[in-house]
There are 2 protein chains.
Amino acid sequence: MVLFNAAQSTQKTVNVALIGPGGVGSCVLEQLSKLSQFKLISISNSKATYFNPSGIPFHSAKADLSKATPKSIEKELIPQLSQHQPCIFIDNTSSDAVASLYPVALSHGVHVVTPNKVGFSASLSLFNHIRDASAASGAYAYKESTVGAGLPVISTLETLLKTGDKVTKIEGVLSGTMSYLFNTFSKPGTNDDILFSKLVSDARDQGYTEPHPASDLSGSDVARKLAILSRLVPGLENRLEEGVHSVDVESLIPPGLDGDTTPEQFLSGLKHHDAHYESLRKTASDANSVLRYVGVVDTADGTVKCGLETYPASHPLASLSGSDNIFLFHTQRYGARPLIVQGAGAGSDVTAMGVVGDCISIAERV
Amino acid sequence: MVLFNAAQSTQKTVNVALIGPGGVGSCVLEQLSKLSQFKLISISNSKATYFNPSGIPFHSAKADLSKATPKSIEKELIPQLSQHQPCIFIDNTSSDAVASLYPVALSHGVHVVTPNKVGFSASLSLFNHIRDASAASGAYAYKESTVGAGLPVISTLETLLKTGDKVTKIEGVLSGTMSYLFNTFSKPGTNDDILFSKLVSDARDQGYTEPHPASDLSGSDVARKLAILSRLVPGLENRLEEGVHSVDVESLIPPGLDGDTTPEQFLSGLKHHDAHYESLRKTASDANSVLRYVGVVDTADGTVKCGLETYPASHPLASLSGSDNIFLFHTQRYGARPLIVQGAGAGSDVTAMGVVGDCISIAERV
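By the naming in an unreviewed UniProt entry, chain A goes by Homoserine dehydrogenase and is assigned to Wallemia ichthyophaga. Under the Sequence similarities (unreviewed entry) heading, UniProt states for chain A: "Belongs to the homoserine dehydrogenase family."

Have a look at this one:
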């Protein structure tokens with residue numbers, strides 16, 4: 001009689017190579033250090049790699065980077081990793097160059113786990129190379145933390161689809177910065193007397209935006225996440241030839257400020273648009289509604305778009321607070337009321353949780 | 001070079017034995033019929049079993065029950081299933097007797113998937129037998145749909161815990177019936193002029209309650225789900241010796257109506273308590289709050305309880321609508337704002353989704 005010994009199989013040692021030892025990477029190392037089944041065999045920064053198949057202690061890994069030497073990830077590291085399987089290549093960078101190597105890793109039977117959105121939201125060609133390399137070798141490419149950090153977004157969407165539900169629409173607030181700005185600017189009921197430009201400036205001072213707030217207000221981060229989600233939905237897989245660049249994005253960067261600006265120039269220029277935002281807020285408020293910067297994937301008409309929308313005060317998007325993300329999955333099975341996932345969608349610790357959760361899923365499957 | 005061929009391994013045929021071809025069971029058959037990797041080899045109702053290791057077409061399975069003959073699940077069926085591994089025993093009943101056989105199935109290397117709450121919410125002794133049998137043989141016992149139906153509740157809790165987060169509190173509305181009653185009775189802002197007993201009576205007429213509404217108002221369904229959740233949380237595993245019977249439950253069955261009553265006697269008696277509920281509602285409403293029947297697992301003091309509580313109108317529990325469930329995971333990592341999962345927590349189709357999702361997870365792991 002064959003027994004399926006889960007207890008033993010999940011304890012099989014799984015090797016790990018980590019690229020990018022920054023904020024998220026440090027938290028990944030910390031979380032993995034508590035799990036005895038993982039063995040770190042390589043750590044890389046943007047310049048060099050320390051490879052040691054005997055194992056690198058998680059807690060000294062960043063210090064051990066002092067022993068790193070320049071090494072081609074494509075031509076040297078990945079072939080070496082393929083000799084130490086099962087192995088997971090964890091990309092904690094936001095690098096295009098590293099993302100372009102996922103097909104190489106997967107072709108070598110090396111699994112990929114990443115919070116880096118680039119590989120799955122850039123050209124359809126790269127996305128297809130990743131998918132095909134994974135299918136051919138059987139190595140996994142997991143990306144839970146590319147959307148909503150550690151929130152169960154991609155896994156929930158995949159379970160809905162695998163069990164045969166029809167997803168009709170995904171909508172939500174997919175950016176922590178956009179969430180914070182509009183949850184603060186436009187509340188159900190009465191609003192604080194605050195200027196939009198002042199709010200953005202204060203948010204920047206508190207570290208709630210990128211160093212240049214135009215990066216957040218462009219909507220491109222939301223568009224990247226929408227590209228990733230839409231490619232999981234049957235019928236929309238090939239909708240976005242140019243990935244994030246094919247998404248219908250309403251940028252909140254005002255005309256005239258869309259060229260090169262310093263953050264200070266940008267915030268100063270934004271003041272000329274305070275009356276515009278105040279008017280939008282008042283119109284919404286008069287209709288007992290609020291403003292939210294929302295992303296939508298609509299399977300009925302193939303829409304993949306993001307922009308500023310108005311929602312009634314009783315809507316789940318209106319009661320959002322802080323910088324929380326929220327995802328509403330409208331499906332045939334769930335009917336009139338969507339399945340909702342909500343919570344912090346950014347932060348090193350919760351992003352690392354998504355990465356480590358994916359590593360555990362792979363360890364349970366190999 | 002070893003390759004991990006996920007595409008092939010997930011397509012390995014997994015045999016399925018289904019117990020209980022009722023509402024959920026029918027939906028499970030329908031959903032599984034779309035997935036080529038599953039083969040139905042046995043179907044049982046409460047009286048008899050049709051076992052055919054050559055395969056039973058999913059669409060004719062219920063009709064094929066006409067060929068069923070009496071068979072001991074423990075002494076005949078499970079030993080037969082163990083000769084056809086990998087095999088999943090799906091229990092769609094709410095039977096104590098079937099739940100008591102999980103350790104037997106698991107000991108034979110047969111995986112268990114079920115929405116039946118009994119096995120995981122009864123005595124600690126049965127729970128431990130299930131856990132130990134699973135650990136010894138490596139066969140899985142999956143139960144996502146025991147709490148919140150197809151909502152990602154147990155999987156989310158397990159990911160939080162496996163990745164090293166500390167869960168400080170789980171709170172939520174865990175019963176669709178209780179959700180509907182109090183979402184309707186006690187809304188943020190103004191309330192409809194409705195008597196509690198009339199609401200319960202109308203809800204029963206519309207099929208929103210069990211045939212005898214006392215089953216819902218007792219809180220025991222919520223208590224069972226709390227028992228299941230609490231046993232997953234480190235430090236609370238052994239808290240509930242008697243499972244559901246060890247949960248601190250506030251029953252909404254009024255004194256004097258807690259004996260044998262017909263539904264009509266019960267609803268008639270409930271009218272004498274309308275003033276009590278109206279008073280509770282008014283007190284809450286005067287404080288800009290609402291009433292919700294809430295379950296709580298608190299790791300700080302080991303509390304596992306359910307009862308009627310008051311929440312401010314701005315709280316996520318206050319904006320709940322319909323008969324939705326909501327689960328708030330308060331954790332060290334998520335800090336002040338919990339990770340939230342919300343949506344339909346009952347219904348054959350979404351319950352079956354949880355069951356089939358578990359079957360897919362097992363198929364990916366064997």
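A. Main features of the overall build of chain A. A tally of regular secondary structure across chain A gives 16 helices and 12 strands. Against the compact-globule benchmark of 21 Å for 366 residues, chain A has a radius of gyration of 22 Å, which places it among compact chains. Seen through its C-alpha atoms, chain A measures out along the principal axes to roughly 65 × 50 × 35 Å. Burial statistics for chain A: of 366 residues in total, 60% are counted as buried. For chain A, the proportion of contacts with a sequence separation of at least 24, taken over those separated by at least 6, is 67%. Charged side chains of chain A number 29 positive and 36 negative; the gap between the two group centres comes to 6 Å.

B. Up close: the packing of aromatic side chains. Residue and element names in this part refer to chain A. In this structure the tally under the stated criterion is 12 aromatic pairs over all chains. Each ring, one from Y180 and one from Y208, has its centre 4.4 Å from the other, and the planes form 70°; the classification is edge-to-face. With a gap of 28 residues between them, Y180 in helix α10 (residues 176-185) and Y208 in the loop between α11 (196-205) and α12 (214-217) connect regions that are remote in the sequence. Stacked on the ring of F185, the Lys or Arg R281 has its end atom at 4.3 Å from the ring centre.

C. Molecular detail of the UniProt feature "binding site: NADPH" (unreviewed entry) in chain A. All names here are of chain A. Per the UniProt entry, the sites bearing "binding site: NADPH" (unreviewed entry) are T93 and K117 in this numbering. With the annotated positions falling across 25 residues, the maximum pairwise C-alpha distance of 9.5 Å places them together in a single cluster. Residue placement: T93 occurs in the loop between β4 (87-91) and α5 (96-99). Setting aside chain neighbours within four positions, we find T93 in contact with I19, G20, V98 and N116. Polar contacts involving the side chain of T93 include one to the side chain of D91, which spans 2.6 Å. With respect to the helices and strands, K117 occurs in the loop between β5 (111-113) and α7 (118-121). Other than its neighbours up to four places away in sequence, K117 contacts T146, D221, R224, K225 and I228.

D. Expanded view of the UniProt feature "active site" (unreviewed entry) in chain A. Residue and element names in this part refer to chain A. The sites that carry the UniProt feature "active site" (unreviewed entry) are, in the present numbering, K225. Among the structural elements, K225 can be located in helix α13 (residues 220-230). For K225, a relative accessible area of 6% gives the class buried. In contact with K225, not counting residues within four places along its chain, are K117, T146, V147, L174 and S175.

E. Molecular detail of the pattern of salt bridges. Across all of its chains, the model carries 26 salt bridges over all chains by this definition. For the salt bridge of R281 of chain A with E278 of chain A, the shortest nitrogen-to-oxygen distance reads 2.8 Å. Placement of the pair is R281 of chain A and E278 of chain A together in helix α15 (residues 274-286), with a separation of 3 residues, close to one helical turn. Measuring nitrogen to oxygen at the nearest pair gives 2.8 Å for the salt bridge that ties K282 of chain B to D286 of chain B. You can see K282 of chain B and its partner D286 of chain B sitting in helix α15 (residues 274-286), 4 residues apart, about one turn around the helix. Residue K282 of chain B is classed as partly exposed on the basis of its relative accessible area of 49%.

F. Summary view of the sheet that holds strand β9 (residues 289-298) of chain B. Pairing within the open sheet is mixed, and its 12 strands lie in the order β8(A)-β10(A)-β9(A)-β7(A)-β11(A)-β12(A)-β12(B)-β11(B)-β7(B)-β9(B)-β10(B)-β8(B). The two strands at the open ends of the sheet, each matched to only one other strand, are β8 (248-249) of chain A together with β8 (248-249) of chain B. Relative to strand β10 (residues 303-312) of chain B, β8 of chain B runs parallel, the two being bridged by 2 bridges. Following the sheet pairing, D248 of chain B is matched in β10 of chain B by K305 of chain B. On the sheet, helix α10 (residues 176-185) of chain B packs against β7 (167-173), β9, β10 and β11 (324-331) of chain B and is oriented at approximately 150° with respect to β9 of chain B.

G. Molecular detail of the relation of the copies chain A and chain B. Overlaying chain A with chain B gives an RMSD of 0.0 Å, the required rotation being 180° about an axis along which the chain moves by 0.0 Å. Both copies are brought into coincidence by an operation consistent with a two-fold rotation axis. Interface overlap between copies is the fraction of interface residues in one copy that are interface residues in the other; for chain A against chain B it reaches 100%, indicating a shared surface.

H. Layout of unusual backbone geometry. Residues and elements named next belong to chain A. Cis geometry is adopted by the peptide bond preceding P86, which originates at Q85 and carries an omega value of -5°. Its place among the elements puts P86 in the loop between α4 (73-81) and β4. The phi dihedral of A149 falls on the positive side, at around 50°, and the residue is not glycine. Relative to the helices and strands, A149 is located in the loop between β6 (141-142) and α9 (154-162). For A149, a relative accessible area of 2% puts it in the buried group.

I. Focus on the interface of chain A and chain B. At the junction of the two partners, chain A supplies 53 residues and chain B supplies 53 residues. Note on chain A versus chain B: buried area summed over both sides is about 4400 Å², and carbon and sulfur give 57% of it. Summed over the shared surface of chain A and chain B, the number is 8 salt bridges. Between R337 of chain B and D324 of chain A there is a salt bridge whose closest N-O contact spans 3.0 Å. Our enumeration of links across chain A and chain B arrives at 8 residue pairs in polar contact (both at pLDDT 80 or more). Among the elements of the structure, α1 (6-9), α8 (124-137), α9, β12 (339-344) and α16 (348-365) of chain A are those that each provide at least two residues to the side of chain A that touches chain B. At 8 residues, α16 of chain A tops the list of elements feeding residues into the side of chain A that touches chain B.

What counts as what
- Sequence positions are assigned chain by chain, starting from 1 and proceeding in written order.
- Lettering for chains starts from A, numbering for ligands starts from 1, and both go in the order in which the items are written.
- In keeping with the model being predicted, local features are shown solely for residues with a pLDDT of at least 70 and side-chain atom pairs are shown and tallied solely at 80 or more, while totals for entire chains, interfaces and linings include all residues.
- To obtain the side-chain values, all non-hydrogen atoms of the structure were used and water was disregarded.
- UniProt positions are given in the numbering used here, feature names are shortened, and annotations may be inferred rather than shown by experiment.
- Counting from the N terminus, the helices are DSSP H or I runs at least four residues long and the strands are E runs at least two residues long.
- Throughout, radius of gyration means the C-alpha value; the globule benchmark is 2.2 Å times the number of residues raised to the power 0.38.
- The buried label goes to any residue with under 20% of its type's maximum accessible area, the exposed label to any with over 50%, and the partly exposed label to all in between, with areas taken from a 1.4 Å probe on protein chains only.
- Every residue pair with non-hydrogen atoms within 4.5 Å of one another is taken to be in contact.
- Charge assignment: positive for Lys and Arg, negative for Asp and Glu; neither His nor the chain ends contribute.
- Charge positions are represented by NZ for Lys, CZ for Arg, CG for Asp and CD for Glu.
- Here the aromatic set is Phe, Tyr and Trp, taking the six-membered ring for Trp, and pairing holds for ring centres within 6.5 Å; pairs whose planes are under 30 degrees apart are stacked, those over 60 apart are edge-to-face, and all others are tilted.
- To sit over a ring, a charge needs its Lys NZ or Arg CZ within 6 Å of the ring centre and within 35 degrees of the ring normal.
- We call two N or O atoms a polar contact when they sit within 3.5 Å, provided that within protein one can donate a hydrogen and the other can accept it, with sequence-adjacent residues counted only if both atoms are side-chain atoms.
- We define a salt bridge as a contact between a side-chain nitrogen of Lys or Arg and a carboxyl oxygen of Asp or Glu at a distance within 4 Å.
- Criterion used throughout: strands pair if DSSP finds at least two bridges between them.
- Note on method: axes are straight lines fitted to C-alpha atoms, helices fitted across the in-contact stretch only, with angles between N-to-C directions ranging 0 to 180 degrees.
- The copies were overlaid with a least-squares fit restricted to C-alpha atoms from residues scoring a pLDDT of at least 70 in each copy.
- The quantity reported as buried area is the accessible area (1.4 Å probe) lost by two parts once they are put together, taken as the sum for both.

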